[in-house]
Amino acid sequence: MLETTSIGSSRVVHLARLSLPALLLCPGLTACTDAPRDQPAFDRIAPARLADTQKLWNYSQVIATQPGARTIYVAGTVGDDQHGNIVHPTDFAAQVDQSFANIGSSLAAAGANGSDVVQLRLYVKDFDADAHWPIINKAMKARFGERGPTATMIGVEALAYPDILFEADAVAVVKP
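Residues numbered from 1 in each chain as written. Predicted model: local features only at pLDDT ≥ 70, side-chain atom pairs only at ≥ 80, totals over all residues. Heavy atoms only, no water.

Chemist: So what about the overall build of the chain? Which residues, and what values?
Modeler: When you go through the chain residue by residue, the secondary structure sums to four helices and eight strands. The order of α-helices and β-strands along the chain, N terminus first, is β-β-α-β-α-β-β-α-β-α-β-β. Relative to its 176 residues, the chain shows a buried fraction of 38%. Taking contacts inside the chain between residues at least 6 apart in sequence as the whole, the part at least 24 apart equals 72%. Taken as a whole, the chain presents about 10100 Å² of accessible surface, with 54% of it coming from carbon and sulfur. (Helix = DSSP H or I, 4+ residues; strand = E, 2+ residues; numbered from the N terminus. Buried < 20%, exposed > 50% of the residue type's maximum accessible area, 1.4 Å probe, protein only. Contact = heavy atoms within 4.5 Å. Areas by Shrake-Rupley, 256 points an atom, 1.4 Å probe, with all protein chains shown as cover.)

As structure tokens, then:
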């Protein structure tokens, strides 16, 4: 049996207390954890010497996956419709919303949802922090919750087509 200790919102698993037979019976520890099934497949970690990124900007500084978690990767996703047409070519907020909705559809197809997302990479054409960040932050809270995933925002000169103003890719983690 695994012994766990909670530290803040994180759970520490003590592997040293497992016997050799337990390790052999639980390769990769995928089916032998005592974690409740309603717990996420990851822990959010707030390093003590860094800014509180959850409070300031709604993203996590560090996320660590639990043993046996399934990882889902969503490719760069833009604000297009089911026919590949960019929605609202001049409306940044509409493209962010559509991009995140499309990520939601991809996650659902893989058995996940926005609360399972652990990482986002955000690409913004002609990035302007004052104009773009409030729009993105609002959309992130709506799609990924009040405790956001890890995130990196990258300002770019251009994306694949001139009408694309925003693109995001995502990584999600779920229990198998």
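From this point, the discussion proceeds with the structure in view.
Chemist: Give me unusual backbone geometry: which residues, what numbers.
Modeler: One non-glycine residue, H88, lies in the positive phi region at around 45°. If you trace the backbone, H88 turns up in the loop between β5 (70–78) and α3 (92–109). A positive phi angle, close to 50°, is found at D126, a residue other than glycine. A relative accessible area of 52% places D126 in the exposed class.

Chemist: Describe in detail the packing of aromatic side chains, supporting the description with residues and values.
Modeler: On inspection of all chains with the given rule, the structure shows three aromatic pairs. Residues F92 and F166 carry aromatic rings whose centres are separated by 5.9 Å and whose planes lie at 90° to one another, so their mutual orientation is edge-to-face. Of this pair, F92 sits in helix α3 while F166 sits in strand β8 (residues 166–174); the two residues are 74 residues apart in sequence, bridging distant segments of the chain. Judged by relative accessible area, F166 falls into the buried class, the value being 0%. Through pairs of rings, three or more aromatic residues link up here, namely F92, F100, F144 and F166. (Phe/Tyr/Trp six-rings, centres within 6.5 Å; stacked < 30°, edge-to-face > 60°.)

Chemist: Kindly report on the side chain of D43, identifying the contributing residues and their values.
Modeler: The residue D43 is located in strand β3 (residues 42–45) in this model. Residue class for D43 comes out buried when judged on its relative accessible area of 8%. At a separation of 2.4 Å, a polar atom in the side chain of D43 contacts the side chain of Q66. (Polar contact = N/O pair within 3.5 Å; in protein donor to acceptor, adjacent residues only side chain to side chain.)

Chemist: Requested: an account of the environment of D91, with residues and values cited.
Modeler: In this structure, D91 sits in the loop between β5 and α3. Residues D91 and D163, 72 residues apart in the sequence, show an inter-C-alpha distance of 9.6 Å. A distance of 3.1 Å separates a polar atom in the side chain of D91 from the backbone nitrogen of A94.

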